[in-house]
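Chains, contacts and geometry: an overview
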Amino acid sequence: MFHPHTQSDRDEMLGLVGAKSIEELFEAVPAEFRFPELNLPPQLTEMEVMDLLQDLSAGNETHRDLPMFLGAGAYHHFIPAAVDAIISRGEFLTAYTPYQPEISQGTLQAVFEFQSHVINLTGMDVSNASHYDGATAAAEAVNMARTVSRNKRKKAVISPGLHPHYRETINTYNQGDDFTIVGEDLAPDSTPEDLIALIDEDTAVVLVAYPDFFGRVYDLTELAEKTHQAGALLAVSVNPLALALFKSPGDFDADIVCGEGQPLGIPLSYGGPYLGLLATKDKYVRSIAGRLVGETIDVNGEPGYVLTLSTREQHIKRGRASSNICSNQGLMALAATVYISLLGKDGLREVANLNYQNAHYAARKISGIDGFELWTDGLFFNEFAVRCPLPVAELNERLLDAGIIGGYELGQNYPGMEDTMLVAVTEMNRKEDIDYLVEVLKEVAHG
Amino acid sequence: MGKKTIYDKSVPGRRGIRFPKPEVPETPLPDALLRADLPLPEVSENEVIRHFTKLSQLNHGVDIGFYPLGSCTMKYNPKVNEAAARLHGFSQIHPLQPEETVQGALHLMYQLQEHLAEIGGFAGVTLQPAAGAHGELTGILMVKKYHEVNGEPHRNKILVPDSAHGTNPATSAMSGFIVKEIPSDERGNVDLEALKAECDETLAGFMLTNPNTLGLFDENVCDIAAIVHQAGGLMYGDGANMNALLGIAKPGEFGVDIMHYNLHKTFSTPHGGGGPGSGPVGVVEKLVDFLPGPVVVMEQDDSGFDFPYYYFATPKHSIGRMKSFHGQFGVMVRAYTYILMHGPDGLREVGELAVLNANYLMHKLKGVYRLPYDRVCMHEFVLEGRWPEVEDIHALDISKRLMDFGFHPPTNYFPLIVREALMIEPTETETKETLDAFADAMLQIAEEAKTNPDLLHSAPHNTPIGRLDEVHAAKNLILCCGLPDSYSD
């Protein structure tokens, strides 16, 4: 379809190869399995394919069709046009991993700037060139802490406030192993201090979310202190947008930062591709997984960039590598780099503040309705949990009837919270949408 | 002393974008926990666009020229895939929306699961893995769980050929397995005797890339599968080289139990400077219950009148979740588009012409460059980048010199079993003229290696920057931009 071969090309090429037909080139494939029938739909033209896909895409309700108050790890934010303009450029889009630095300086410098943005946001010293997503970055943070302890420490303390998908992913990665994960059975409303009792000399890592799954922002100073006293590492899973307003994990002396970079200029796109963040302190640079770009010089002393410390990675270390990661989320890292560069210091603060303002307005309004009560106490960013007078599953059906996609039903992951909804409010939820939500909630509860 | 970064272009007070003022009554920010400082650049939109446009111009990509990076399948990425992924109905939906509001997306995922299963000859497919290596991890964790559920947790050994990608042993080790390497024989196949010797009651599985990383279809694949299955092990197929087999053979039929696909290779989704990839995993019937959850299932009543309804379900013995949400959906849309654009005959043509292009190029080069395994190749082949009579010329020198001709070099130093390896994968989307021009450049370089080796040692000459010092980077680690003098809180 996208191949250019004419019949005379084929004939000439087969002639040089010394084969009578293309089929002859496949004689190493056992004859009984050669050229099977493929039961697939027939070939379509671009015109027909786009028509079909338009129809399929129209079978989905987008956040333009329905106001949406769903977050839970993926957030609807405004993406400036410049982001897509840059990541659509074929020079970035159709290149691969910059193994050959002399013809990959564009990708390399962009990654170097991505690393810088992540470092400056998180307060860490080193960032890798990206991981798959927030869940796999969290699993990699645990893996990394195990490596730092030379696999001597056999326990991870993980907050119940870490995204349920991240906790599930960490469990998947560590199954059937002699590594224990504790903390899951703590109450959802437990605080970072409640984790302290679980930390001991066998703990490799303490992993918390900031903000946590319920939107809460905590002071992690004491947790960091107690974690370090036990000789363990503190890993913090972040929403990077919240870091535009709140103290960075580095301010609390965290050792590893992981997180989901999707809020930084990446569309919701039904859950991916997103952007895993992984950063750490200088002293753990040799234990971090994934690619790193460093500055160097060429033969003439001109500055340039290369992939560095590759000896950590699977293509060199093979069975002794601590992680198997190869492809990363390069293009998504580029999107985040352009987004952060464009918004800059003030723009990022401004959009974070809009999230904070809209979410707090919504929280006040909703908790003001009879029967609704704010579950999230204390400081939160752009998401909060609220107890409702009826099960969230039922409430969400009623909201959908009224043309609203409601919040996340926490009972799906936290037994006993079937009546508690996690509501996300970003800069994209305008005041009229919030007021409409409040109206409908009033009607549903009391109408 | 470094290059001018976006930070160096920062001027206090500049803005790239404005946002509306808050419309809601203001809530004061708390005093505690606010950060003092946010050291990010301040740049106008024009400056940002110029900065990144100029950076892009320093890159080589498939859109610019030939990119025969072996094992990476750098074929042309159709633009229609990009248009499809950007349709609002796909790009502007939330992964946790009620299923009834995303039936279009679920239909697409279900169809893609089915199509991939058909292409690979499998009974079930998960779309969740984020990349090839992540698919391997998924597969190997399934091997582990399968043996556990079958009461054989003592099976703790994974075998990999010595030609395997580094991710294979890394994945196995990461999953807690003991890894043993099996040598290749003189035809580039897995050494059957060595394999038999390792197939004991501790065998969990064997990871086979076929065609292998020499670009050769293992002629004993049926024997290998029989030996591994006889010993109670599972056959893992690394689908990195699936481009050679589209419509040619189904791995699920020749004995592979589990295989990951690389949508960014075989199904032509763009590599994006390093990713995103996508690594769906297909399995035979007995492993369907072990797939990571959730997978998309379809329900249709018998009347045939109602539309089918799609929803997520988690298989009975699922190894669990491999990442958040459902996988790299945007990449799935592109791959699905690619499959529709080809149909069954078009896909077979991809496989056939990828192999024809590789064999053609191999024949043009093999007299001048040593071809250690001289057989009909599949979609790629591996040459030696050295000549006994020429001292001190390495594969790397040849690669750097190729850049002067406007070509991306082949993969260097892999597979490890070939000295000074140059691994060349032309793909089916390249014209005969491009292959001829590349062959001419390679032949000229071979000549230069003998007559003017310094030309190779000092290459590249026509690139934006000269040969870079990787040792210097590792010894003097600089991993982030300095802040400009003008930076203030």
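As shown above, the structure is provided for reference.
Residues numbered from 1 in each chain as written. Chains lettered and ligands numbered in written order. Predicted model: local features only at pLDDT ≥ 70, side-chain atom pairs only at ≥ 80, totals over all residues. Heavy atoms only, no water.

1. A few points about the overall build of chain B
The helix and strand inventory of chain B stands at 13 helices and 12 strands. Taken along the three principal axes of its C-alpha coordinates, chain B extends 75 × 75 × 45 Å. Looking at chain B as a whole, 66% of its 489 residues are labelled buried. Expressed as a percentage of contacts within chain B between residues at least 6 apart in sequence, the contacts between residues at least 24 apart total 72%. For chain B, the exposed surface amounts to about 16000 Å²; the carbon and sulfur share of it is 49%. Here chain B carries 40 positive and 63 negative side-chain charges, and the mean point of each set is 5 Å from the other. (Helix = DSSP H or I, 4+ residues; strand = E, 2+ residues; numbered from the N terminus. Buried < 20%, exposed > 50% of the residue type's maximum accessible area, 1.4 Å probe, protein only. Contact = heavy atoms within 4.5 Å. Areas by Shrake-Rupley, 256 points an atom, 1.4 Å probe, with all protein chains shown as cover. Lys, Arg positive; Asp, Glu negative; His and termini not counted. Charge placed at Lys NZ, Arg CZ, Asp CG, Glu CD.)

2. Observations concerning the nonpolar core
In this structure, B:Leu195, B:Phe206, B:Phe267, B:Leu365, B:Tyr369 and B:Met442 are the most contacted members of the largest nonpolar core, which totals 167 residues. Ranked by residue count, the leading element in this core is helix H9 (residues 329-365) of chain B, at 20 residues. Counting the residues that make up this core, at least three belong to each of domain 1 (7-54) and domain 2 (81-339) of chain A. In this structure, B:Leu195 is in contact with B:Leu159, B:Ile182, B:Val190, B:Phe206, B:Ile224, B:Ile227 and B:Val228, ignoring residues within four places of it in sequence. Counting residues in hydrophobic clusters, the runner-up holds 82 residues, among them A:Leu108, A:Leu195, A:Leu234 and A:Leu264. (Core = buried A, V, L, I, M, F, W, Y, C linked by side-chain atoms within 4.5 Å. Domains from an automatic or database assignment.)

3. Side note on the interface of chain B and chain A
On the side of chain A, 186 residues touch chain B, which itself brings 207 residues to the contact. Buried area between chain B and chain A, both sides added, is near 16900 Å², and the carbon and sulfur share of it is 65%. Seen at the junction of chain B and chain A, the total is 10 salt bridges. Where A:Arg10 meets B:Glu349, a salt bridge forms, and the shortest distance between an N and an O atom there is 2.9 Å. Summed over the shared surface of chain B and chain A, the result is 90 residue pairs in polar contact (both at pLDDT 80 or more). Take the side of chain B that touches chain A: its biggest share by element is 26 residues, from H9(B). (Buried area = accessible area lost by both parts, 1.4 Å probe. Salt bridge = Lys/Arg side-chain N within 4 Å of Asp/Glu carboxyl O. Polar contact = N/O pair within 3.5 Å; in protein donor to acceptor, adjacent residues only side chain to side chain.)

4. Topic: the packing of aromatic side chains
For the coordinates displayed, the defined rule picks out 26 aromatic pairs over all chains. Measuring from ring centre to ring centre gives 5.9 Å for B:Phe90 and B:Phe329, while their planes differ by 65 degrees; the resulting arrangement is edge-to-face. With B:Phe90 in helix H3 (residues 88-91) and B:Phe329 in helix H9, the pair connects residues that are 239 residues apart, well separated along the chain. Here B:Phe90 matches B:Phe329 in class, with each residue buried. A cation over a ring is seen here: B:Arg348 above A:Phe35, with NZ or CZ 3.9 Å from the ring centre. (Phe/Tyr/Trp six-rings, centres within 6.5 Å; stacked < 30°, edge-to-face > 60°. Lys NZ or Arg CZ within 6 Å of the ring centre and 35° of its normal.)

5. Quick notes on the packing of helix H12 (residues 392-401) of chain A against helix H13 (residues 431-446) of chain A
Residue and element names in this part refer to chain A. Interhelical geometry of H12 versus H13 gives an angle of 120 degrees and a closest axis separation of 10 Å. Judged by the angle between their axes, H12 and H13 are oblique. In the packing of H12 onto H13, the handedness of the crossing is right-handed. For the pair formed by H12 and H13, the contact residues are Leu395, Arg398 and Leu399 on the first element and Leu437, Val440, Leu441 and Val444 on the second. Counted by class, the contact of H12 with H13 contains six nonpolar, no polar and one charged residues. (Axes fitted to C-alpha atoms, helices over the stretch in contact; angles between N-to-C directions. Parallel < 35°, antiparallel > 145°, perpendicular 65-115°, else oblique. Left-handed = near helix turned anticlockwise from the far one by under 90°. Nonpolar A, V, L, I, M, F, W, Y, C, P; charged D, E, K, R; others polar.)

6. Points about the pattern of salt bridges
Summed over the entire model, instances satisfying the criterion amount to 43 salt bridges over all chains. Here B:Lys432 and B:Asp436 are joined by a salt bridge, their closest N and O atoms 3.2 Å apart. Within this pair, B:Lys432 and its partner B:Asp436 are both found in helix H11 (residues 432-451), separated by four residues, close to a single helical turn. In this structure B:Lys432 comes out as buried when scored by relative accessible area, which is 12%. Residue class for B:Asp436 comes out buried when judged on its relative accessible area of 16%. Connected through salt bridges with shared partners, the residues A:Glu12, B:Lys364, B:Lys432 and B:Asp436 form a single ionic network.

7. Quick notes on the sheet that holds strand S11 (residues 383-387) of chain A
Residue and element names in this part refer to chain A. Overall, antiparallel pairing links the four strands, which are arranged S10-S11-S13-S12 in an open sheet. Each edge of the sheet is formed by a strand with only one pairing partner; in this case those strands are strand S10 (373-374) and strand S12 (408-409). In terms of strand pairing, S11 meets strand S13 (residues 420-424) through five bridges, oriented antiparallel. Looking across to S13, one finds that Val386 is bridged to Met421. Along the sheet, helix H11 (residues 330-367) makes contact with S10 and S11, crossing S11 at roughly 5 degrees. In the packing of H12 onto the sheet, contacts are made with S12 and S13, and the angle to S13 comes to roughly 45 degrees. (Pairing = 2+ DSSP bridges.)

8. A short note on the sheet that holds strand S5 (residues 234-239) of chain B
All names here are of chain B. Read from one edge of the open sheet, seven strands run S1-S7-S6-S5-S4-S2-S3, paired in mixed fashion. The two strands at the open ends of the sheet, each matched to only one other strand, are strand S1 (124-126) and strand S3 (178-182). The average undirected angle you get between the axes of adjacent strands in this sheet is 25 degrees. Alignment of strand S2 (residues 157-161) against strand S4 (residues 203-209), held across three bridges, turns out to be parallel. Residue pairing in the sheet places Ile158 in a bridge with Gly205 of S4.

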